[in-house]
Amino acid sequence: MSEPRPTGELKHTPLHALHVRLGGRMVPFAGYDMPVQYSSGIMKEHLHTRAAAGLFDVSHMGQIALRPSSGRIADAARALETLLPADISGLAVGRQRYTMFTNDGGGILDDLMVSNQGEQLILVVNAARKVFDETHLRSHLSAVCTVEPLLDRALVALQGPAAEAVLETLAPEVSALRFMDVRAVTLLGAACFVSRSGYTGEDGFEISVPANVAEPLCNALLRHPAVAPIGLGARDSLRLEAGLCLYGADLDETTTPVEAALDWTIGKARRPGGERSGGFPGAEIIPRQLGGVTRQRVGLRPEGRAPVRAGAPLFRNEDDAAPVGVVTSGGFAVSLNVPVAMGYVPPDAAAPGTRVFTEIRGKRLGLIVSKLPFVPARYKHR
Amino acid sequence: MLRFTKDHEWLRMEGNIATVGITPFAQEKLGDLVFVELPNVGAAFDKGAVAATVESVKAAADVYAPVAGEVTAVNEGLVEQPGLVNAEPTGDGWLFKMKPADPAEVDALLDEKAYDALTSAA
């Protein structure tokens, strides 16, 4: 059997000791030593999250505060809008929005969450991009905002149908939050920010907690029988079933928000004819793409049992020599017990039901273009 | 008696037929298997050639022929239940049977003691 890669010099999150104590199998991820799974394994962790509640350490992600020098949050919102196509000025206090930093070609520099917390905007960015993002924000927004990475905070996610009942035992007010609401909440006496969001397709919460309270908080959550610790392996299989993108795989500097089927994140106010139309990197390209693109992200269901992994070529016809697309994420949908994938195909192959082909180990294999998500989202909208 | 390769395959001789699988160490390292691609019966492999593929939720790994020989049977049960490799890696989770071309190659494989020393060092 072929060997996995060796590890290097790695950073620790504030929950590293807990992972080791819980039997986490530690692997390098974005420069951190992180648990890919615990002793029960990826499949059980995945199913547990969909059935009860999973606890994820996502402290490797970047948390960045933008504070307007003027004291007016609208100034920070307008400034941030120069770097991304979302409507941030229209983001109410206590609300969060998914968006992406774009480049002049319309490509995606990173995808992120932005929340309006009244005095400040809080950004949650990808671990592998946080140094870049911080520099990017400083170089463009320093005249208007201070850019402060929140280095003394951990980030944990509690996801699944039991998440609300569990977190309520520590802070009853969280049950009033709807999907993408954000609120300052005191947990174990510590000042936390809680958002009703996640990366699994389930109802749940993401909790920004002072680093020194992260482990006591996790211990308190893990005392509930409904809660199990979940590693990065199940985090990836859960997000793939939910049709959610992974930066560096499904999104990169060469893919645009429209190609990635994330056009819904482009605010009406930022579109042609909107009150703050354009004014973001790629504004010459992205609005034009709303009328049509040459490739787009789709869901794919491989025929048979073999997983089709990222990088696999996609062919329009079974005997074509030249690929027309590529798989960007692929694996196994544990809840559905079938392989699933996402990838980019031309518009004429993007309709659900279209059959395309890949090649695995020298053999052609059919895949059916499918609607996303593979597993319906269970967000609490009201 | 089980024989082992340094690449974490095991082999058990019964008469002149060898049963082949991956070791408990290997299945533990891979995690939950979701797919096993088996060779065709009758296929001939050189020692060290890729004879099967096992895939977990996260990763795919090649399984090498521990010795040269011809495949005489495959474990069809794994098509529907790849998790058998995790549950019983040296039992019902066997991958394929083969007829070794050269019995001396079997004798040259690691014994359990040597394999345990290899994996406890890893």
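The model shown is predicted, which means the values in this text are computed figures rather than measured ones. Counting of residues starts from 1 at the beginning of each chain's written sequence and follows it residue by residue. Each chain takes a letter, starting from A, and each ligand takes a number, starting from 1, following the order in which they are written. It should be noted that, the model being predicted, local features are given only for residues of pLDDT at least 70 and side-chain atom pairs only at 80 or more, the latter also being counted only at that level, while totals for whole chains, interfaces and linings use all residues.

1. A look at the overall build of chain A
The secondary structure listing takes helices from DSSP runs of H or I that are at least 4 residues long and strands from runs of E that are at least 2 residues long, numbered from the N terminus. In terms of helices and strands, chain A carries eight helices and 19 strands. Our radius of gyration looks at C-alpha atoms and nothing else; its globule reference is 2.2 Å times the residue count to the power 0.38. Relative to the compact-globule value of 21 Å for 382 residues, chain A shows a C-alpha radius of gyration of 21 Å, a close match. Judged by the C-alpha coordinates and their principal axes, chain A covers about 65 × 55 × 45 Å. Three classes are used. A residue is buried when 20 or more other C-beta atoms lie within 10 Å of its own, exposed when 12 or fewer do, and partly exposed in between, with C-beta atoms placed from the backbone. Per-residue burial for chain A yields a buried fraction of 48% across its 382 residues. With C-beta atoms placed from the backbone, a contact is any residue pair whose C-beta atoms sit within 7 Å. Put simply, of all contacts in chain A between residues at least 6 apart along the chain, 67% involve residues at least 24 apart.

2. Things to note about the overall build of chain B
Of the regular secondary structure elements, chain B holds five helices and nine strands. In chain B, the succession of α and β elements from N to C terminus is β-β-β-α-β-β-β-β-β-α-α-β-α-α. Relative to the compact-globule value of 14 Å for 122 residues, chain B shows a C-alpha radius of gyration of 13 Å, a close match. Its C-alpha atoms give chain B principal-axis dimensions of roughly 35 × 35 × 20 Å.

3. Remarks on the packing of helix H2 (residues 42-51) of chain A against helix H7 (residues 232-241) of chain A
Residue and element names in this part refer to chain A. At their nearest, the axes of H2 and H7 sit 8 Å apart, and the two run at 55 degrees to each other. Here H2 lies oblique to H7, going by the angle between them. Here the hand of the crossing between H2 and H7 comes out right-handed. Contacts from Ile 42, Glu 45, His 46 and Thr 49 of H2 reach H7 at Gly 233, Ala 234, Ser 237 and Leu 238. Here the term charged refers only to Asp, Glu, Lys and Arg, the term nonpolar to Ala, Val, Leu, Ile, Met, Phe, Trp, Tyr, Cys and Pro, and the term polar to all other amino acids, Gly among them. Of the residues that constitute the contact of H2 with H7, the class distribution is three nonpolar, four polar and one charged. Whenever a helix is involved, its axis is fitted only over the stretch in contact; in every case the axis is a line through C-alpha atoms, and angles between N-to-C directions fall within 0 to 180 degrees. Here is the rule for angles: anything less than 35 degrees is roughly parallel, anything more than 145 is roughly antiparallel, 65 through 115 is roughly perpendicular, and the remaining ranges are oblique. With the far helix as reference, a near helix turned anticlockwise by less than a right angle produces a left-handed crossing, and one turned clockwise produces a right-handed crossing.

4. What about the nonpolar core?
Put simply, a nonpolar core is a cluster of buried Ala, Val, Leu, Ile, Met, Phe, Trp, Tyr and Cys residues tied together by C-beta atoms within 7 Å. Of all hydrophobic cores here, the largest spans 127 residues; its most connected members are Leu55(A), Leu80(A), Leu123(A), Val156(A), Leu158(A), Val54(B) and Phe96(B). Domain start and end points were adopted from an automatic or database domain assignment. Split by domain, this core shows at least three residues from each of two domains, domain 1 (16-58 + 152-241) and domain 2 (294-382) of chain A. Those residues within four positions of Val54(B) in sequence are excluded, and the remaining contacts are Ile22(B), Leu30(B), Leu33(B), Val36(B), Ala61(B), Val63(B) and Val85(B).

5. Remarks on the sheet that holds strand E5 (residues 96-102) of chain A
All names here are of chain A. Pairing in this open sheet of five strands is antiparallel, and the strands run E5-E6-E7-E4-E8 from one edge to the other. Sheet topology places E5 and strand E8 (145-149) at the edges, where each strand pairs with a single neighbour. On average, each strand axis in the sheet is tilted by 30 degrees relative to the strand beside it, whichever way the strands run. This element, helix H3 (residues 73-80), spans strand E4 (62-68), strand E6 (108-116), strand E7 (121-125) and E8 of the sheet and lies at about 120 degrees to E4. Here helix H4 (residues 130-141) sits on the sheet and contacts E4, E5, E6, E7 and E8; the angle it forms with E4, its principal contact strand, is near 10 degrees. Pairing between two strands requires that DSSP report at least two bridges joining them.

6. Section: the interface of chain A and chain B
Each partner contributes to the interface: chain A provides 18 residues, whereas chain B provides 19 residues. Elements with a contribution of two residues or more to the side of chain A that touches chain B: strand E2 (32-37), H2, H7 and strand E16 (325-333) of chain A. Looking at the side of chain A that touches chain B, its residues break down into nine nonpolar, six polar and three charged.

7. Quick word on helix H6 (residues 211-222) of chain A
Residues and elements named next belong to chain A. With 12 residues, H6 extends 17 Å from end C-alpha to end C-alpha; this agrees with the ideal 16 Å at 1.5 Å per step. Among all positions in H6, only Ala 214, Leu 217, Cys 218 and Leu 221 are buried. All buried residues of H6 lie within an arc of 100 degrees about the axis, which places them on one face of the element. The exposed set on the far side of H6, more than 90 degrees from its buried face, consists of Asn 212 and Asn 219. In this analysis, the expected span of each helix is defined as 1.5 Å times one less than the number of residues it contains. What the arc covers is the set of directions going from the helix axis to the C-beta atoms.

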